Every structure is written in C-alpha cells, then in structure tokens.
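# Notes for the structure review
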Amino acid sequence: MLQIDKIKWDTESADYLALADDWHVVARSKDLAEGHVMKVKLLGVELVLWRSNGQVMAWKDYCRHRGARLSEGWVRDGKLVCPYHGWEYNCEAKCTKIPAHPKQVPPLKARAFSHRATERYGFIWVSIGDPLQDVPPFPEWENTEFRKFYAGPYPFKANALRAVENFLDVTHFPWVHANLNGDPQNPDEIEDYEVYVKPDGLHTSEIMVFQPYGDHRGIPVNAGYTFHCPRPGTAYFSKRTGETERFCTFLTTTPIEEDECIVWLIVAINFAPELTQERIDFRQDQVFAQDRRQVEAQRPYRLPLDLREELHLRSDKFQVEYRKWVKRLGDDANARRRNLAPIKTRASA
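I will try to describe carefully the structure that is included in this document. None of the values given here were measured: they were computed from a predicted structure.

Of all the eight residues making up helix α2 (residues 160-167), eight are buried; the element is thus mostly covered by neighbouring parts of the structure. Three or more residues of α2 are buried, namely Ala160, Leu161, Arg162, Ala163, Val164, Glu165, Asn166 and Phe167.

What follows is about helix α4 (residues 277-297). Relative to the 30 Å expected for 21 residues at 1.5 Å per residue, α4 spans 30 Å between its end C-alpha atoms, a close match to the ideal helical length. Where α4 is concerned, the buried positions are Ile280, Arg283, Gln284, Val287, Phe288, Gln290, Asp291 and Val295. Across the axial projection of α4, the buried residues extend over an arc of 155°, all falling on one side. Facing away from the buried side of α4 by more than 90 degrees, the exposed set consists of Glu278, Phe282, Arg293 and Ala297. Elements that come into contact with the buried residues of α4 comprise β11 (147-156), α2, α3 (173-176), β17 (246-257) and β18 (260-269).

Spatially, four strands are ordered β5-β6-β7-β8 in an open sheet, and the strand pairing comes out antiparallel. Looking at strand neighbours, the two that pair on one side only are β5 (74-76) and β8 (95-97), the edges of this open sheet. Here strand β7 (residues 88-89) pairs with β8 via two bridges, running antiparallel. Pairing of Glu88 across the sheet is with Lys97, part of β8.

This brings us to the pattern of salt bridges. The full count for this structure, using the stated rule, is 23 salt bridges. Between Asp306 and Arg308 there is a salt bridge, and its shortest N-O distance comes to 2.8 Å. By relative accessible area, which is 75% here, Arg308 ends up exposed. Salt bridges sharing partners connect three or more residues here, namely Arg162, Glu165, Glu310 and Arg323.

Taken as a whole and judged by the stated rule, the model has 23 aromatic pairs. Measuring from centroid to centroid gives 5.8 Å for Phe123 and Trp264, while their planes differ by 65°, and the two rings are edge-to-face. Placement of Phe123 in strand β10 (residues 123-127) and of Trp264 in strand β18 is noted, with a sequence separation of 141 residues between them. Assigned by exposure class, Phe123 and Trp264 land together as buried. Both rings, one in Tyr225 and one in Phe227, keep their centres 5.7 Å apart while their planes meet at 15°; by these two values the pair is stacked. Owing to a relative accessible area of 2%, Tyr225 belongs among the buried residues under this scheme. Three or more aromatic residues joined by ring pairs make a cluster, and in this case those are Tyr121, Phe123, Trp125, Phe138, Trp141, Tyr150, Tyr236, Phe250 and Trp264. Here the basic side chain of Arg28 rests over the ring of Tyr150, its NZ or CZ set 3.7 Å away from the ring centre. Of note, Lys198 hangs over the ring of Tyr196, and the distance from its end group to the ring centre comes to 5.8 Å.

Here the focus is unusual backbone geometry. Looking along the chain, the bond that leaves Gly152 and enters Pro153 is cis, with omega of 5°. With respect to the helices and strands, Pro153 occurs in strand β11. Phi is positive for Tyr121, which is not a glycine, with a value near 60°. Looking at the element boundaries, Tyr121 is found in the loop between β9 (114-120) and β10. Phi at Asn179 is positive, roughly 65°, even though this residue is not glycine. Summarising the element assignment, Asn179 is placed in the loop between α3 and β12 (195-198).

One finds Leu49, Phe156, Leu168, Cys229 and Tyr322 to be the most contacted residues of the largest nonpolar core, which totals 70 residues. Ranked by residue count, the leading element in this core is helix α1 (residues 14-20), at six residues. Contact partners of Leu49, with chain neighbours within four places excluded, come to Val26, Ala27, Leu32, His36, Val37, Met38, Val40, Met57, Ala58, Ile124 and Val126. Grouped together as the second largest cluster of nonpolar side chains are 17 residues, Trp87, Cys91, Ala93 and Cys95 included.

Evaluated as defined, the whole model comprises zero disulfides. Not part of a disulfide, Cys91 finds its nearest cysteine sulfur in Cys95, a span of 14 Å. Note on Cys95: no disulfide assigned, nearest cysteine sulfur contributed by Cys63 at a separation of 7.4 Å.

This brings us to the side chain of Thr254. By secondary structure assignment, the location of Thr254 is in strand β17. Side-chain polar atoms of Thr254 contact the side chain of Trp264, separated by 2.8 Å. Filtering out sequence-adjacent residues up to four positions away, Thr254 remains in contact with Val25, Val26, Lys41, Leu42, Glu260, Cys261, Ile262 and Trp264.

In this structure, Asp306 sits in the loop between α4 and α5 (317-340). Judged by its relative accessible area of 27%, Asp306 falls in the partly exposed class. In this structure, the C-alpha to C-alpha distance between Asp306 and Val197, residues 109 residues apart in sequence, is 19 Å. One polar contact links Asp306 to Arg308, side chain to side chain, over a distance of 2.8 Å.

Calculation rules
Residues numbered from 1 in each chain as written. Predicted model: local features only at pLDDT ≥ 70, side-chain atom pairs only at ≥ 80, totals over all residues. Heavy atoms only, no water. Buried < 20%, exposed > 50% of the residue type's maximum accessible area, 1.4 Å probe, protein only. Helix = DSSP H or I, 4+ residues; strand = E, 2+ residues; numbered from the N terminus. Expected span 1.5 Å × (residues − 1). Arc of directions from axis to C-beta. Contact = heavy atoms within 4.5 Å. Pairing = 2+ DSSP bridges. Salt bridge = Lys/Arg side-chain N within 4 Å of Asp/Glu carboxyl O. Phe/Tyr/Trp six-rings, centres within 6.5 Å; stacked < 30°, edge-to-face > 60°. Lys NZ or Arg CZ within 6 Å of the ring centre and 35° of its normal. Core = buried A, V, L, I, M, F, W, Y, C linked by side-chain atoms within 4.5 Å. Disulfide = S-S within 2.5 Å. Polar contact = N/O pair within 3.5 Å; in protein donor to acceptor, adjacent residues only side chain to side chain.

Below, the structure is given as structure tokens:
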C-alpha cells in the first residue's frame, strides 16, 4: 500500500482511534467560496477541500497519476484540475479527462481518495474514518432567543484532547484566568457534582463557581456550569448567570497532528443585547491565550488515558470520566476494525 501521508500519531492507539471515526471541523464555510480550493490537515492526513455547485468535497491532497498536490490545482467547469498534467476530477472523485489522451476513457482506478464532508453551524466538517454518529449537536443553534458569535480560531501547539479536557475543568479558573473567571485570593471550593455517562456522551450536574468578570459585561456573577461532552474532540457548556440568563459555548477542535490542534468556538447568549462581536472577541481572545499557554506546557503532550499516570482529586471527577470514556471509545473502534479486517491465513506449503 502506497504511503501518502506522514502520520506521526500511533494509529493503533486508543486516543487516535477515538478521534479517527468522528467528524471534525477543518474550516469555516465562508472561507471556501464557490469554485475555490483549500489545503487543510486532519489527524496527519493532508486534504484538499473544494466547492462546486454549493457542495463541499474533501479528498486526500494527492493525484494518483504522479503524486501531485491537488490543492495546487483549480476548479474549472465544476471539476478539480490537477496542476501537473491537467487531469480533471468530477465531484464523485472520478477522473473524467486525461489531456494527454483525450480520446481515452480514464481507467476505473483513476480516482481521487475521497472522505466524508458536510457543513453545519457555519463550519466544514470532515471525517477520515467511518463516523457512527452525525455531527455533534449545538442545542442553541436553532433557538432564535440566542445570539451567536464566532470566536477564534485558536491554534494550539498541543494535543486536541488536552485542549478539550482543559475546557471541561473549572478548578483552573482562579489561577489561569485570575480576576476573570476566578478569584485567586479566595478560590472556590468545588462542591461534589455528578457525571453521567449516556449514549450521547458525558454530562454533569451544575457546578457552581464565583467569577469576578463572568459574562462579558464586567460584573461579578455566581455562575452555574452544566457541561456536555458529546465527542472526544467537541464539548459544550451552558453557564447560568442569572435566573434566565444563559451564556453557552460550543467548542470543537481540529486534531491536526498529535501535538497540534485548532480550537473553534461559538458563543450563544440570551441576554445583554448591547454586547458586540468586539466585546466577545476581546474576552475570548484573552481567555484562550491564557489557556493556550498552560495547555501547550503540559507534559506528556498526549492525554494520559492510563489513570495511574497522573494524580486525581474529587474535583477532577469529570476529567477522570472523560479519560476513561475516550479509552473505551478507542478500544471499541479497535475492536470494530479487527472484526472488519480480513482474516489472514497461512499460505499453503
């Protein structure tokens, strides 16, 4: 089998397998115009994105003829043209024209390596594996009572699972986000909370914290966080800052390499109509710059799924369940792949 991509990640490891059979954001929809081509990378695989008649295609960035990068090509008459010898590929990844032999019907093997792609919430999502579920849910997306704001993207020189686990952790607030999300002079004692493992992922009961600058308006709030982690690379919280006020955040990651990711964010709020995109950006940029500094410094850079490798407290209950859950998902994916793989038999003498 021809090796195209330089994948550093151990493709047999539970963390990789938990991510491979899933959907991941690779770009904003607005950044890929009709007839345009874009180069991205996901889980060590170099991809070309292109759009024709409103449809998004995601293929390996590779032409089967002589290994050229299709991302260096262009779209013409609804087909992607290879920049090296002009081969043309239609939206079904079939080669339809070989200019050097215009009368020849291209062979069946003259195809691009295609992957699943879809669009949701203004993002382009791609899976290089076999996803068992749809794109992760964002509860407030269709709710007109909530205004939505994009923030980021935020590139991290860090593992995607580390970045997600950081998002699920409220105990770092007084130290990493001092005087914003927590008070270092009077840090919260985290009361016991519940973690529920359900078919749609991990959920928590409400976790209460005090925040000196809790909801972008510069006022202190007693915030109640309720988390949902539907996939290893995607997480969400609904933060209660008043009787009916909700500050919700949908976070998803692009695992580019095992030590590199991109964090994408959508904020949804049902209060403070005076808040502008600039105010949202100012706060989120500040918070995620602080997060980036700490997450990039964590060692080992891959998330330890063996619970014996790090110490855990009662307040780490959510992170412990997250690691156990990721490990189970990876083990399940490995079992599926082994069952689907052909049985090797010894050759006859």
